[in-house]
Structures are given as C-alpha cells and as structure tokens.
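Fold and contact review
What follows is each chain in one-letter form.
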Amino acid sequence: MPKITFVERDGTRREVEAPLGLSVLEIAHKNKIDIEGACEGSLACSTCHVIVDPEWYELLKEASEDEEDMLDLAFGLTATSRLGCQIIITDELDGLVVKLPSSTRNLLLG
C-alpha cells in the first residue's frame, strides 16, 4: 500500500498508509493528523491547506481554478501549496511528503 509522510507543525514526521483513491485530507483524518477540512472536501474553504514537498509537486494533477481561488485565502501560501482534499492518492504518489502550515484560516466561522 502507498505511504504518505505528514510533517506536522512541530516538525514531527509521521508516515502513514495511504489507500489508493483517498484524498490527503481523508488520510489525515483517518490517522488523527491535525488538518481541519471544515468544508469536508467540498472546495469551500482552505482549512486543508498543505505544503507539498517540492520533489513531489510536479507529479500532482494541476490545481483547478476553484482550488486556486480557495488557496488564495490560505495563510502561509507557498509555491507548492495545495488543498489536501484535492490530492488523490495514486501509485505514482507513493511516498508523498506534505507539510502542515503553521496556521489556517476558517472562513466558515466568520
């Protein structure tokens, strides 16, 4: 089974199993990784913002315009930022490394 490594806010690295077809957000929730996902993956917030390791970024499908719009609202945006709900695990992504940003912005709590 593919694996993904989450680099938590304190720098701790956690490697977990990453079932094919699940999103990074779903995998985080199954493994009690601290990613909020306030909109439950419906592309209505940026609380599942992750920073993809540059080695892996080019292997991801290109972000949609809707994802780009939500990313514009994220704190700590980087050149390799993506929404965890939009990264779906494939065999090619076995070993993916993503870092959690230092903070998130939940616009749903307005």
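Now for a description of the structure that goes with this document. (Residues numbered from 1 in each chain as written. Predicted model: local features only at pLDDT ≥ 70, side-chain atom pairs only at ≥ 80, totals over all residues. Heavy atoms only, no water.)

**As for the environment of Gly-41**
Turning to its location among the elements, Gly-41 is positioned in the loop between α1 (24–30) and β3 (49–52). The class for Gly-41 is partly exposed, based on a relative accessible area of 30%. Sequence separation of Gly-41 and Leu-83 is 42 residues, and the distance between their C-alpha atoms is 8.8 Å. With residues up to four places along the chain from it excluded, the contact list for Gly-41 reads Leu-25, Cys-85 and Gln-86. (Helix = DSSP H or I, 4+ residues; strand = E, 2+ residues; numbered from the N terminus. Buried < 20%, exposed > 50% of the residue type's maximum accessible area, 1.4 Å probe, protein only. Contact = heavy atoms within 4.5 Å.)

**A closer look at the sheet that holds strand β5 (residues 96–99)**
Judged by pairing direction, the sheet is mixed, and its five strands sit side by side in the order β2-β1-β5-β3-β4 without closing on themselves. With one partner strand each, in any of the chains shown, β2 (13–17) and β4 (81–83) form the two edges of the open sheet. For this sheet, the mean angle separating the axes of adjacent strands, direction not counted, is 35°. Across four bridges, strand β1 (residues 3–7) lies against β5 in parallel orientation. Residue pairing for β5: Ile-4 is matched across the bridge by Leu-96. (Pairing = 2+ DSSP bridges. Axes fitted to C-alpha atoms, helices over the stretch in contact; angles between N-to-C directions.)

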